[in-house]
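The residues making up each chain are set out below.
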Amino acid sequence: MNKLQILVVEDDAPVRNLITTTLKAHDYKHIIAENGEEAIRQAVTCNPDIVLLDLGLPDVDGVEVIKKIRTWSNMPIIVISARSEDSDKIEALDNGADDYLTKPFSAEELLARLRATGRRLAIMQANAGANESVFTNGKLKIDYAAGCAFIGDEELHLTPIEYKLLCLMSQSVGKVLTHTFITQKIWGSSWDNDVASLRVFMATLRKKLEAAPDSPQYIQTHIGVGYRMMRVE
Ligand code: CA
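These numbers come from a predicted model, not from an experiment.

## With respect to unusual backbone geometry
Cis geometry is found at the peptide bond from Lys-103 to Pro-104, where omega equals -5°. Position of Pro-104 among the secondary structure elements: in the loop between β5 (99-102) and α5 (107-127). A positive phi angle, near 70°, is found at Asp-27, a position not held by glycine. Inspection of the secondary structure assignment puts Asp-27 in the loop between α1 (13-25) and β2 (29-33). The backbone of Asn-47 sits at a positive phi, close to 45°, despite the residue not being glycine. Topologically, Asn-47 is positioned in the loop between α2 (36-46) and β3 (50-54). Assessed through its relative accessible area of 51%, Asn-47 is described here as exposed.

## Observations concerning the coordination of the calcium ion
The coordination sphere of the calcium ion contains the protein donors Asp-11 (OD), Asp-54 (OD) and Gly-56 (O), at a distance range of 2.2 to 2.4 Å. Residue Asp-54 is classed as buried on the basis of its relative accessible area of 3%. Note on Gly-56: relative accessible area 37%, which makes it partly exposed.

## Let's talk about the sheet that holds strand β10 (residues 176-178)
One open sheet holds the three strands; their spatial order is β10-β12-β11, and the pairing between them is antiparallel. Looking at the sheet topology across the chains shown, the edges are occupied by β10 and β11 (219-222). Taking each pair of neighbouring strands and ignoring which way they run, the sheet shows an average axis angle of 30°. Note: β11 against strand β12 (residues 226-229), four bridges, orientation antiparallel. Across the sheet, the residue bridging to Ile-219 is Met-229, located in β12.

What counts, and at which threshold
Residues numbered from 1 in each chain as written. Predicted model: local features only at pLDDT ≥ 70, side-chain atom pairs only at ≥ 80, totals over all residues. Heavy atoms only, no water. Helix = DSSP H or I, 4+ residues; strand = E, 2+ residues; numbered from the N terminus. Buried < 20%, exposed > 50% of the residue type's maximum accessible area, 1.4 Å probe, protein only. Donors = N, O, S within 2.8 Å, 3.2 Å for Na, K, Ca; no water. Pairing = 2+ DSSP bridges. Axes fitted to C-alpha atoms, helices over the stretch in contact; angles between N-to-C directions.

Next comes the structure, spelled out in structure tokens:
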């Protein structure tokens, strides 16, 4: 397997060194950028597999870097935020980031995110060009053409909104989708009461989808942020 190349965008030298040391020790290639302008230049010239992007950069806000990259590329972007406020992460995710890490994070956490994103990347590349009409993930199967979903051989009896929600999550396996993103896709709007409705529909969907709704295997909750469908082996 080819080594993945990671673009590390971080102005803080100790954090950057920690990241690059971890990457080197685990068979990843990397390039670095110390500010937003350099990050965009490196993203264009090196076309990395994954971008690890600090949101607090000396020249521009990391979210601006995401917006720029998203004008031409879907390369996975994992944001690193020193700020614990959810609003920064949410803004980054709404602008096209795939995942996030909150400082301080451990080498294990970093590696786990990279593995998850690497798997997502492999699926994206395998599906590129192919218009898959059947989605499978663990025991879950969605037949988009027929408009039905199954767990094993058993058909799930979903309401139209539950089905729409399941399809939406399945189309971005491994990616955190924010409440705003989901409610806009499902209802075309994003009011506070839509987020409350979303919670209700997610709860009823999980009852049908998950073997143990209290410890969900397929759909993970990110409190205050959104939801993510996990890849199930
Ligand atoms: Ca910083």
